[in-house]
Amino acid sequence: DNALSPPSDVSNPSTKKTKRSQKKASAKINFKGFAKIVSEKWKTISSEEKSVYEKMASKDLARYQREIDDHRRKAAEEKKGAEEKKRARIEKDEESTSTNCSAQSNSHQIIESKKTIVRTKKTSIEPKKKNVLKKESLTTSKATESLTTSKATFVKNASIHSIDPQKIMHFLIGSGHADAEKLASSSQSALDKEKKAKYFVRQADINVNKKAPISLDDHDNFLNLEPIDITRTEKKKEKGSFHQTNSSVDEEASIQLDDYEHLCPSEQIDSANNKKTEEKDCFHETNSNVDRITSTRLDNFLNLEPIDITRTADINVNKKAPISLDDHDNFLNLEPIDITRTEKKKEKGSFHQTNSSVDEEASIQLDDYEHLFPSEQIDSVNNKNKEEKDCFHQSNSNVDRITPTRLDDNENLCNVKKENKMASFVFQAKKLYGRDRHISTIMETFNRAHQSKNSSEMILISGYSGAGKSALVSQAQKSLSALGGSFLCGKFDHFRQMEPLSAIITAFTEFCDEIITGDAERFHQTKISIQQKLGIASVFLANIIPNLNQIVQVPDTEPVDVGGMEAQHMLKYIFQLFVRAISKPSQTRVLFLDDLQWADPLSLDLIESLVTDIENGSLLFIGCYRDNEVDEGHPLATKLRSIEKRQVQITNIYVGDLNKEDTNELIADLIQSPPNLTQSLSNAVYLKTSGNVLYILQFLSSIYAEGYLRFSLETKQWQWDTLMINSKIIATNAMELSSHKILRLPKQTQNALKLIACLGYCCEEFVIYSMAAGNDTGNIGCVDLIASLEIAVAEGLIGHMGSCYKFAHDQIQLAAYSLIPKKHRACVHLWIGNQVWANTSASPEKALFIAVGQLNKGAEAMKDEHERIELAGLNLLAAQKSKSLAAFLPAAFYLNTGISLLDKTSWVDQYNLSLQLFSACAEAEFCTGHFDEMNKKLQEVFSNARCLDDELYAFFTLTSSLMAQGKSYEASEAGLLVLSQLGEAFPRHSDMKSIIVVEFAKVKSLCEGKTNGEILALKAMDDGHKIAAMRLMYFLAHSSFLGCHDMYALIVLRMVQTSMNHGICDESAFGFCALGIVMGCMFKDTDGGRRFGQLALHFLKIKETNKCFSGVITAVYTYIHPNYHHYRESLEPLEKAYESGMINGDVAMAMSAAAQICFHEFQCGEELAKVETTTTKYRKLMMAHKQENFCKFLLPYSQAIRNLMGYSDDPENLIGELMDQEELLKEVLKSKHMRVAAVIYYIRSWLAYMFGNYEIASKMMKERQAISLFAVPPSLSCAFIFTEGLISFAMSHEFGEEKWSVLAFKSVEEFKIFALHAPSNCEQKLLLLQAESAFLEGEYYTAALRYDDAINTASKNGFIQDQAIACERAGIFHSRQGNISKAFDYVSQAHNAYFKWGAKCKADHLNLQYQNQLSNVQKMENQFN
């Protein structure tokens, strides 16, 4: 049999209940028919197997003969003393019947209470019944003991081999017999003749007849039984079995094969047990007398844990006590029962009936097992006297029994007939109690978020389980929706923590369903918004939210294949875009996620990215969690601290238990009674529940079901027994109460709830249908799964909402799951997993995670190695899906689980699977920061890989992890080592400059004579090693750009050579644009650099690749394009590069583009307020994505902007809210981030010049010039040269030193080169430097013209800051020439330009600096007038 099959001991009695009630105790079964079937099977097995069975059977037959002879001899010796022992036994039984438990009228349970007075009925026991009972008791304990040896031997040789379907056949086939039918006939005649008894039993409590016909027609299941441990059976016999002593074996008694009953068809069982219709099944107990025809129906008796025999001391058995145990599965799945608990119950809460005689047909009360029997069985036992069936037991009062009705409709209670059966009732609160303050807080927060629109807000609701956190949000949802709030709801599940983004995907999937089924106008608006925001990124999102395809037309392209942390960055950014698309200022989007304590790490990261999205101020996040399950080290607590640091407004609400007043109000509303009348009930309930809402509702249902709370038709009022409620021993929590409630349901409903509880809080319909589609649903005890669940829905335990079944509370789900014995859970999970995986067509992706999760939980029940390998493969699929969602923690879990399923020889037997598991697991461990585990997995790969190709994936993981740990040198060494093995060795030489020149000559030779079109027409690269080498060189080029300039140049040159020789690939585009950078920066060939930059852009358009899009665009528009075009023309492409980088998860390149956006806006004269907004936005994003180097690059610009705007007390220095220049400078110099240090010195020199402190400016200029940089962007180079030229001219005017004039004239000559290629960027700057040069040389006329030309050109090109500086310098020039009036005009123009630019501080400084001069000019004008 398939080892993944459901547990063999799970039966399905519910479908056979009607037929079983008609069974007879002793009917002979067609033994010959079964023998014929076995004979046919015998012909199909091999001769070797036959010989084994024949030897076993011959030994057994000989042993049976000896055992029967011994038994007959001992029975004859003991027969004389049997009668005396029978008489003593009967007398003892008569004494014990004086304290029988009375039958309770409630069919669902037996009431346990303290000091209960019940109506008793005294009856006399007929004498003739006593005589019959005396005659029926015949067997002795010694007779039972004599069977021990034979039973143990048979079980050992028969049962223990039953795992093999054929080995049980030796029971029928003897040594030397080939014809099983003939053998069976001869064996039966021999047994009839000598009246022998076959002792095929597992418990010492089963009485064996001398003649025991056994029906085994349904032999397939019988043959597939698992082996049975005889020691376990003996242990049960010693500790907890139901012993029957002093009982005789009737000559015609039949054997019931208890543990195999569920294996036989109902027809066979009927034919076996329908001989005597007047007798019923008897339940054997200690000190009980057994009828001659005794048939014990305990199918899975061996599944019982040991039960203390003293537990049943209170059970009084009548002379004839028929008990039907057809619904026995709950009984069989009980955990061990503590006798002290039973005794305690008896002392405190049982209903005792004293001095009462037992009726002739009195039934047995099983106090602790009343929930195990269906209502129909208990009714049949306890309802003999119809006039007494509606009794309600209460202290000194008799109340009519009433059918429960809806508690919100007391008027209907008067019309209920007493004949109706007791039904269950669901207590549900329809409003909140004691939560007005919390509702007000939620409303205030929503209004604040709705009005501000600047940033998102969070509401965190904490409290214990069952306190009403979710109900609070549900109640608030109605009010918030009326105010314009739109809800997205999801709930995390403890059983699905390894299913990434489960709650978030549910929330957005339901939103899409709402849009699809909503009105057409809203559908159209949402569609347009999503298309505009997401674009091609909808391809990725549609893989996560499939029904998004029904809203927008998803492009028919494959999403970009990214791995590692890039995938996680991509996921978070795309979800941000999606939430922005579906949010709008007029309607605040509310995202509610419940049970955050069970959220997976990726979900927490995504929540953080959504609530900290500075471009979306229309989101209110509400989360609920159990604070008692979240400590300081919990992932949720860590994430919340991180969110707080990012200045997100968080409102905390704690939901506690209800006080006594609120509890009383709740109960009064539930039973619609005045609060002053319900005070005693409320006090009793509050004492038991402490005000926990869920606990209150479950407790009310419990006391209602037990009869302590009821509605009287006579008084038209609710009645309760306070004394009984106070004395009630209750469960310690709501989960236990829920367990008791579940156990009162029909058996099939119980089994249905247990099944879906294995799947967690929520179960999709397709999973239900998958389980129901199985051919062996009868083996799980639930034939009609859907109908059974509907009963649970009616009971209020679960809800059916949309396409899901959801438990009313996760405590109910845990309660249902706890009812499954721990030893059986693995088998049940295994069966569910197989059923779901066999029916994946409805929802393949969901089915994958559900099936793998269930199979993993049931893996311990797997025995077949092939199935374990198959499950390992499924774990690999689940990990790959998790990785595509950037959920690396679940991916690592699935991969480690798959590895654990492999054996020691897996690298030999399952090489490909082992390679994929270990390689992928190493990457997942790297992405989660577990570097030690990563190294272990990598070592496995490197030790067992058969070739270099199999090691490549692991090498990429290794180099990436080294770079992530800050070990750039080790990463470079590892990468170069792999490149050498791939045929791309790099030379190591002290004179790297010479090597670069040689390599550059090779490139020029390869490209010489080829047009761009011819290069783009090269074949696609098809050599796997070369493709891997290009990928690795692409990675190493990025890592060496800032650290090792020479290595960067060599790698770029080799990438171009490889592309020209072996064909082009995605990475070739980056190679071409990087070559343009090297040619422009190292070889000063800007025209050649421009050609390869354009080649790279054309490559992106033709090949339609997005893999290197962000890197190529950023490089071209940072290093090449500004050499020829206006800075403003780079802004839009750089924004596209940022978007592409974020969408594709290349955060580093996206932030590089963002930094250039800020710098270009600053340089091209955009209004400072706008530039400050842009820099603040991207600076926060850089901090959020831990891109600290780019953030440090922006800090000097951000602080300088704030200084100019007037937000600093010391505008000349970079000191303020954002940074301190000395501290930041020390930090970057220590970490050798020289580019940031150069920017700090440049900005400080520029500010000092702007505010007239030329000495500080010249000092900072020298510090900047001392730093040598590689590949400085032309925009930054222009800024350096222009500022340092102005400082040099100012120092020459002030001090007249020649060195300053030399530096000044040099800057003019250098700047002519920039102005020649990009006049739109540099012409006005060059004119201003030429004006300063003419002023210094005494060419005043030329200087005046150049100042005017600079002012006009700056205005024409849109550089308002250059216009302001030119006006200011012209004013100084004319002032020194004595032309005060003209100087006043230029200074006024400068003031206006600075003010228009947004540099209020500089404008004020200019006014203060020239105040005296302006005053003198005003006096002169007045005198003239």
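In this text, all values refer to a predicted model and were calculated from it rather than measured experimentally.

Caption draft 1: Quick peek at the packing of helix α52 (residues 1221-1230) against helix α53 (residues 1234-1250). Here α52 crosses α53 at 155°, and the two axes come no closer than 8 Å. Overall, the two elements α52 and α53 adopt an arrangement that is roughly antiparallel. The element α52 and its partner α53 pack so that their crossing is left-handed. Contacts between α52 and α53 involve Gln1221, Glu1222, Leu1224, Leu1225, Val1228 and Leu1229 on the former and, on the latter, Met1234, Val1236, Ala1237, Ile1240, Tyr1241 and Arg1244. Grouping the constituent residues of the contact of α52 with α53 by class yields 9 nonpolar, 1 polar and 2 charged.

Caption draft 2: View of the sheet that holds strand β6 (residues 619-625). Read from one edge of the open sheet, 5 strands run β4-β5-β6-β3-β7, paired in parallel fashion. With partners counted over all chains shown, the strands left at the sheet margins are β4 (486-491) and β7 (649-654), one partner each. Between one strand axis and the next, the sheet turns through 15° on average, direction left out of account. Summarising the sheet, strand β5 (residues 589-594) and β6 pair through 5 bridges and their orientation is parallel. Each residue of the ladder has a partner; that of Val590, found in β6, is Leu620.

Caption draft 3: Representation of the pattern of salt bridges within the structure. One pass over the full model with this rule turns up 36 salt bridges. Between Asp810 and Arg626 there is a salt bridge; the shortest N-O distance is 2.3 Å. A residue pair is termed long-range when its members are at least 10 positions apart, and Asp810 in helix α31 (residues 810-818) and Arg626 in the loop between β6 and α22 (635-645) qualify at 184 residues. By the burial criterion, Asp810 is buried, and Arg626 matches it. Connected through shared salt-bridge partners, Lys491, Asp594, Asp595, Arg626, Glu629 and Asp810 make up one network.

Caption draft 4: The arrangement of the nonpolar core in detail. By size, the foremost hydrophobic cluster in this structure holds 276 residues, and its most contacted members are Phe575, Phe578, Tyr1048, Tyr1138 and Tyr1394. At 13 residues, α53 tops the list of elements feeding residues into this core. Here Phe575 is in contact with Ile504, Phe508, Leu541, Ile544, Ile545, Leu606 and Leu610, once residues within four sequence places are set aside. Judged by nonpolar contacts, the second largest core, of 40 residues, contains Ala757, Val767, Leu789 and Ile820.

Caption draft 5: View of the sheet that holds strand β10 (residues 762-764). Overall, antiparallel pairing links the 3 strands, which are arranged β10-β12-β11 in an open sheet. Either end of the sheet is taken by a strand with one partner, and the two such strands are β10 and β11 (798-801). Each strand axis lies, on average, 20° off the axis of its neighbour in the sheet, ignoring direction. In the sheet, β11 pairs with strand β12 (residues 804-807) via 4 bridges, with the strands oriented antiparallel. From the neighbouring strand, Met801 faces β12, where its bridge partner is Cys804. Contacting β10, β11 and β12, helix α29 (residues 765-772) runs over the sheet at an angle of about 70° to β10. Sheet strands touched by helix α30 (residues 785-794): β11 and β12. Its angle to β11, the strand with the most contacts, is close to 110°.

Caption draft 6: Representation of the packing of aromatic side chains within the structure. Taken as a whole and assessed by the stated rule, the structure comprises 35 aromatic pairs. Relative to Trp718, the ring of Phe711 has its centre 5.5 Å away and its plane inclined at 70°; by these criteria the two rings are edge-to-face. Note on accessibility: Phe711 and Trp718 belong to one class, buried. Measuring from ring centre to ring centre gives 6.2 Å for Phe1282 and Phe1311, while their planes differ by 50°; the resulting arrangement is tilted. In this pair, Phe1282 is assigned in helix α55 (residues 1274-1295) and Phe1311 in helix α56 (residues 1298-1317), connecting sequence segments 29 residues apart. Both residues of the pair, Phe1282 and Phe1311, belong to the buried class. Pairwise contacts between aromatic rings join Phe1159, Phe1162, Phe1193, Tyr1197, Trp1246 and Trp1397 into one cluster. Here Arg1054 stacks its cationic end above the ring of Phe986, 4.5 Å away from the centre of that ring. Sitting over the ring of Phe1359, Lys1325 keeps its end group 4.6 Å from the ring centre.

So, how was this worked out
- Residues numbered from 1 in each chain as written.
- Predicted model: local features only at pLDDT ≥ 70, side-chain atom pairs only at ≥ 80, totals over all residues.
- Heavy atoms only, no water.
- Axes fitted to C-alpha atoms, helices over the stretch in contact; angles between N-to-C directions.
- Helix = DSSP H or I, 4+ residues; strand = E, 2+ residues; numbered from the N terminus.
- Parallel < 35°, antiparallel > 145°, perpendicular 65-115°, else oblique.
- Left-handed = near helix turned anticlockwise from the far one by under 90°.
- Contact = heavy atoms within 4.5 Å.
- Nonpolar A, V, L, I, M, F, W, Y, C, P; charged D, E, K, R; others polar.
- Pairing = 2+ DSSP bridges.
- Salt bridge = Lys/Arg side-chain N within 4 Å of Asp/Glu carboxyl O.
- Buried < 20%, exposed > 50% of the residue type's maximum accessible area, 1.4 Å probe, protein only.
- Core = buried A, V, L, I, M, F, W, Y, C linked by side-chain atoms within 4.5 Å.
- Phe/Tyr/Trp six-rings, centres within 6.5 Å; stacked < 30°, edge-to-face > 60°.
- Lys NZ or Arg CZ within 6 Å of the ring centre and 35° of its normal.

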